Amino acid sequence: MNQYYLYILIKNGISELSAIIEYPKLRQQQIEEWDLDDLQTVEGWIALAKKVIHQSNCPDLIKKPICKKCSYYNFCYATESDSNGIN
Ligand code: SF4
């Protein structure tokens with residue numbers, strides 16, 4: 001997923017790059033290198049995301065433990081009654 005950020009930099013004219021992803025709470029660093037195969041991978045992710053965005057219905061919830069810590073939790077787990085103010 002970190003390759004997406006490198007993809008954006010490349011699309012904005014920055015080449016021959018790598019990135020250091022820092023996880024301060026974990027006190028870890030991860031070095032990401034761009035690989036030519038990454039272009040196809042990232043463009044595949046973008047195509048898949050656009051497909052989901054243009055679906056007439058939301059995909060089913062995946063209901064994974066990670067969801068509880070996800071920034072999108074309230075969007076994914078909202079119900080019809082939440083969205084119209086009726087609880
Ligand atoms: S809450 Fe986050 S991890 Fe779970 S389905 Fe939604 S976006 Fe994915």
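Look up: the structure comes first, before these words.
Residues numbered from 1 in each chain as written. Predicted model: local features only at pLDDT ≥ 70, side-chain atom pairs only at ≥ 80, totals over all residues. Heavy atoms only, no water.

(A) Highlighting the overall build of the chain. Along its length, the chain carries four helices and two strands. Beginning at the N terminus, the succession of helices and strands in the chain can be written as α-β-β-α-α-α. Expressed as a percentage of its 87 residues, the buried residues of the chain come to 13%. Taking the contacts inside the chain whose residues are at least 6 apart along the sequence as the reference set, 41% of them involve residues at least 24 apart. Here the chain has roughly 8100 Å² of accessible surface; of this, 55% comes from carbon and sulfur atoms. (Helix = DSSP H or I, 4+ residues; strand = E, 2+ residues; numbered from the N terminus. Buried < 20%, exposed > 50% of the residue type's maximum accessible area, 1.4 Å probe, protein only. Contact = heavy atoms within 4.5 Å. Areas by Shrake-Rupley, 256 points an atom, 1.4 Å probe, with all protein chains shown as cover.)

(B) Focus on the packing of aromatic side chains. In total, this model carries four aromatic pairs according to the counting rule given. Between Y4 and Y5, the ring centres sit 6.3 Å apart and the planes meet at 70°, which makes this aromatic pair edge-to-face. You can call Y4 partly exposed: its relative accessible area is 32%. The class for Y5 is exposed, based on a relative accessible area of 53%. Ring centres of Y72 and F75 lie 6.4 Å apart, and the angle between their planes is 45°; on these two criteria the pair is classed as tilted. Using a relative accessible area of 55% as the deciding quantity, one classes Y72 as exposed. Look at F75 and you get exposed, because its relative accessible area is 67%. (Phe/Tyr/Trp six-rings, centres within 6.5 Å; stacked < 30°, edge-to-face > 60°.)

(C) Quick look at the site of the ligand. Close contacts around the ligand come from I62, C67, C70, Y72, Y73 and C76, and that covers them all. Spatially, the ligand is embedded in the largest pocket. Its residues assigned to classes, the shell around the ligand shows six nonpolar, no polar and no charged. (Near = heavy atom within 4 Å. 1 Å grid on protein atoms, 1.4 Å probe; cavity = no way out; pocket = protein on both sides within 12 Å on 5 of 7 lines; lining within 4 Å. Sits in = over half its atoms within 2 Å of the grid points. Nonpolar A, V, L, I, M, F, W, Y, C, P; charged D, E, K, R; others polar.)

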